[in-house]
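Architecture and fold: a report
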Amino acid sequence: MLARRQVGPQTQKSDAHRRDDLRRQDFTHRRYRESGIAGFDAIADGGLPRGGVTVVLGGAGSGKTIFGMQVLAAGVRDGAEPGILVAFEESAARIRANTASFAWGTDTRDGGGLYVLDAQLAQSVEQGGEFDLVGLLAIVAATAKRVGARRVVFDGLDVLLGY
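Everything quoted here is computed from the prediction, not taken from an experiment.

Cut-off values and rules
Residues numbered from 1 in each chain as written. Predicted model: local features only at pLDDT ≥ 70, side-chain atom pairs only at ≥ 80, totals over all residues. Heavy atoms only, no water. Helix = DSSP H or I, 4+ residues; strand = E, 2+ residues; numbered from the N terminus. Buried < 20%, exposed > 50% of the residue type's maximum accessible area, 1.4 Å probe, protein only. Contact = heavy atoms within 4.5 Å. Pairing = 2+ DSSP bridges. Expected span 1.5 Å × (residues − 1). Phe/Tyr/Trp six-rings, centres within 6.5 Å; stacked < 30°, edge-to-face > 60°.

Before going further, it helps to spend a moment on the overall build of the protein. Secondary structure summary: the protein contains seven helices and five strands in total. Going residue by residue from the N terminus, the α and β elements of the protein occur as α-β-α-β-α-β-α-β-α-α-β-α. Looking at the protein as a whole, 31% of its 163 residues are labelled buried. Long-range contacts, defined as pairs at least 24 residues apart, comprise 64% of the intrachain contacts of the protein with a sequence gap of at least 6.

Structure follows, in structure tokens:
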């Protein structure tokens, strides 16, 4: 007499279900680019949207700048993708000093593939509202083209928007 093994619905999948799972995995792989931060990628369905915009919100000191720098550093380290951090709030020197002690596995100095563009606004510009966004974007685009940047982080955008 042959014994039958009981298999529940969770352990037995049809060929159609397996194909659907593979399609979903392939679709996710194409739609998302790993951020290089394992815990983040796990909760964000594989990383950041390819070719899209991701907004990271949080109060002062919540880690937005560090998150942006780490994503850029991972792009340089893992995929040879240079990146630019456009800093509205802090100077490039201060950002570099604050992130120098992190072991991200890549050189975070300018020229190592990770560039910090100091875009701090003069107080007169902040108060007067005379800011040339098109000019800034032209500078960012020219820098991205020159260094081959594939990732750009705008840090402290709330300063620009007046929040």
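This part covers the pairing of strand 5 (residues 151-155). Moving residue by residue along a regular strand, the side chains alternate between the two faces of the sheet. Burial of the side chains of strand 5 is restricted to one face: Arg151, Val153 and Asp155 are buried, whereas none of Val152 and Phe154 on the reverse face is. As judged from the five bridges shared by strand 3 (residues 83-87) and strand 5, these two strands associate in the parallel manner. When the bridges of strand 5 are listed, leucine 85 appears paired with valine 153.

For helix 3 (residues 64-79), built from 16 residues, the straight-helix expectation of 22 Å at 1.5 Å per residue is met to within 8% by its first-to-last C-alpha distance of 22 Å. Taken together, the buried positions of helix 3 are Thr65, Phe67, Gly68, Met69, Val71, Leu72, Ala73, Ala74, Gly75 and Val76. Residues of helix 3 that are buried in the fold lie against helix 2 (38-43), strand 2 (48-49), strand 3, helix 4 (92-99), strand 4 (114-118) and strand 5. Where helix 3 terminates, the next one or two residues include alanine 80, which has phi positive at roughly 50°.

Under the criterion given, the structure shown has three aromatic pairs. Their ring planes at 70° and their centres at 5.0 Å tell us that phenylalanine 40 and phenylalanine 67 sit as a pair that is edge-to-face. In this pair, phenylalanine 40 sits in helix 2 while phenylalanine 67 sits in helix 3, placing the two residues 27 residues apart along the sequence. When the ring of phenylalanine 88 is compared with that of phenylalanine 154, the centres are 6.4 Å apart and the planes differ by 20°; the resulting orientation is stacked. Placement of the pair is phenylalanine 88 in the loop between strand 3 and helix 4 and phenylalanine 154 in strand 5, with a sequence separation of 66 residues. Overall, phenylalanine 154 belongs to the partly exposed group, its relative accessible area being 34%.

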